[in-house]
Every structure is written in C-alpha cells, then in structure tokens.
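Descriptive structure summary
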Amino acid sequence: MTGSIDPLRQQFDAFKALPRDTPIQMLNLVRLNKLAAYPEGHPDHGKGLSGLDAYRAYGRTTAHIFKRVGGRQIWVGKPEGVVTGPADERWDLAFIAEYPNAGAFLAMVTDPEYREFVKHRQAAVEDSRLIRFGAVEAVGEGFGE
C-alpha cells in the first residue's frame, strides 16, 4: 500500500469548495521515509539523505513563502503513541499550521517556487494526513462543547 503524500484531485476540489475567507488551521501528521526518495535527475538524488533531512529542506526552502502568505505554525509535537486508533499507526511529526484564510493556503501551494521546493516533501514523506479545521465558538468547558 502506498502512503498519502499529495491530495487526490477530488480532495483538493472539495477543499477549494469550502469557504475561502475565514482563518483555517491545518493539522499535519507526517510519517517519514528512512531514506529520502528523490527522483532521478533531482540534485539530491542518490545523496543518502534521510527523510528527516529532506523534510527539513522542505521547511527551510518554503519558509519565506509560508510567511509571505500569512501562515504560521501554532503547535508542533512528536507523537509518542496511539491512545485511540489503530495500534500500528505511527507518526514522526505532528503540527498545526494556521493561515489567514484558505486563499492564502491555495496561493502557497500553487506558487511556482513552492511547487519546485515541495519535491523535498515528496521525497521525505512515506505517509501523511492533512486535515483542515475551521474555528468554532466554544459553548462550554467540556470536550466538544
């Protein structure tokens, strides 16, 4: 089974159909390849870089684009274990990125420079989840209220 690295067309279309003018948060769960899987012809192909090395290159090279569209990382952590869910599921990285609106996220992922640098992410990632959230007004003090 291959992992989820990039959105499927229908997933991206569904994202684009959601409201674009409100702040959004994107939960990122990432499982890294042991060795980065750069395609032949890429300058980093065959260099023996780890998936973490490649993911760090992705972050480093795209940071200015992320910042330019108004994005910011609001939480980052290293998953330690699954409490509820498949026992064999594991993630190496987890973080929440916030954007001023969905249009900002779309501007980032369609930027020609970003599209070149995202190759580091594609080489780094074995599997991932990217889940969009919109804020809701809390009505109580308990979970889900």
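Our subject in this report is the structure included herewith.

Calculation notes
Residues numbered from 1 in each chain as written. Predicted model: local features only at pLDDT ≥ 70, side-chain atom pairs only at ≥ 80, totals over all residues. Heavy atoms only, no water. Bend = angle between axes of the 7 residues up to and from the residue. Helix = DSSP H or I, 4+ residues; strand = E, 2+ residues; numbered from the N terminus. Buried < 20%, exposed > 50% of the residue type's maximum accessible area, 1.4 Å probe, protein only. Contact = heavy atoms within 4.5 Å. Polar contact = N/O pair within 3.5 Å; in protein donor to acceptor, adjacent residues only side chain to side chain. Pairing = 2+ DSSP bridges. Axes fitted to C-alpha atoms, helices over the stretch in contact; angles between N-to-C directions. Phe/Tyr/Trp six-rings, centres within 6.5 Å; stacked < 30°, edge-to-face > 60°. Lys NZ or Arg CZ within 6 Å of the ring centre and 35° of its normal. Core = buried A, V, L, I, M, F, W, Y, C linked by side-chain atoms within 4.5 Å. Salt bridge = Lys/Arg side-chain N within 4 Å of Asp/Glu carboxyl O.

**A short note on helix α4 (residues 112-124)**
Along its length, α4 shows its largest kink, about 25°, at V118. Along α4, the residues classified as buried are Y114, V118, H120, R121, A123 and A124. Packing partners of the buried residues in α4 comprise β1 (24-32), α2 (51-68), α3 (102-110) and β4 (125-134). If you check the start of α4, you find a side-chain oxygen 2.8 Å away from the backbone N of E113, and it comes from D111.

**Description of the sheet that holds β4**
Spatially, β2-β3-β1-β4 is the arrangement adopted by the 4 strands of the open sheet, whose pairing is antiparallel. Of all strands in the sheet, those bounded by a partner on one side alone are β2 (72-77) and β4. The mean angle between the axes of side-by-side strands here comes to 20°, regardless of whether they run parallel or antiparallel. Here 7 bridges tie β1 to strand β3 (residues 93-99), and the two strands are oriented antiparallel to one another. Along β3, the bridge assignment pairs Q25 with E98. Set on the sheet, α4 makes contact with β1 and β4; between it and β4 the angle comes to about 115°.

**Focus: the packing of aromatic side chains**
For the coordinates displayed, the defined rule picks out 5 aromatic pairs. With a centroid separation of 6.1 Å and 70° between ring planes, the pair formed by Y58 and Y114 is classed as edge-to-face. Of the two residues, Y58 sits in helix α2 while Y114 sits in helix α4, which places them 56 residues apart along the sequence. Looking at Y58, the relative accessible area reads 11%, which means it is buried. Given the relative accessible area of 6%, Y114 is considered buried. Positioned above the aromatic ring of F15, the side-chain terminus of R132 is 5.1 Å from the ring centre.

**A few points about the nonpolar core**
F15, I24, Y55, Y99, F105, M108 and Y114 are the most contacted members of the largest nonpolar core, which has 27 residues in total. Put simply, the parts of the chain that give this core at least two residues each are α1 (9-17), β1, α2, β3, α3 and α4. Examining the composition of this core, we find that 6 residues originate from one element, α3, more than from any other. The residues touching F105, leaving out its near neighbours within four places in the chain, are F15, I24, M26, Y99 and L130.

**Brief notes about the pattern of salt bridges**
Counted by the stated rule, this structure contains 11 salt bridges. In this structure, the salt-bridge partner of E98 is R72, at a minimum N-O distance of 2.8 Å. Here R72 lies in strand β2 and E98 lies in strand β3, a separation of 26 residues in the sequence. According to the relative accessible area criterion, E98 is buried, its value standing at 18%. Note on R72: relative accessible area 48%, which makes it partly exposed. With its nearest N and O atoms 3.1 Å apart, the salt bridge here joins R90 to D92. Connected through shared salt-bridge partners, R31, R90, D92, E126, D127 and R129 make up one network.

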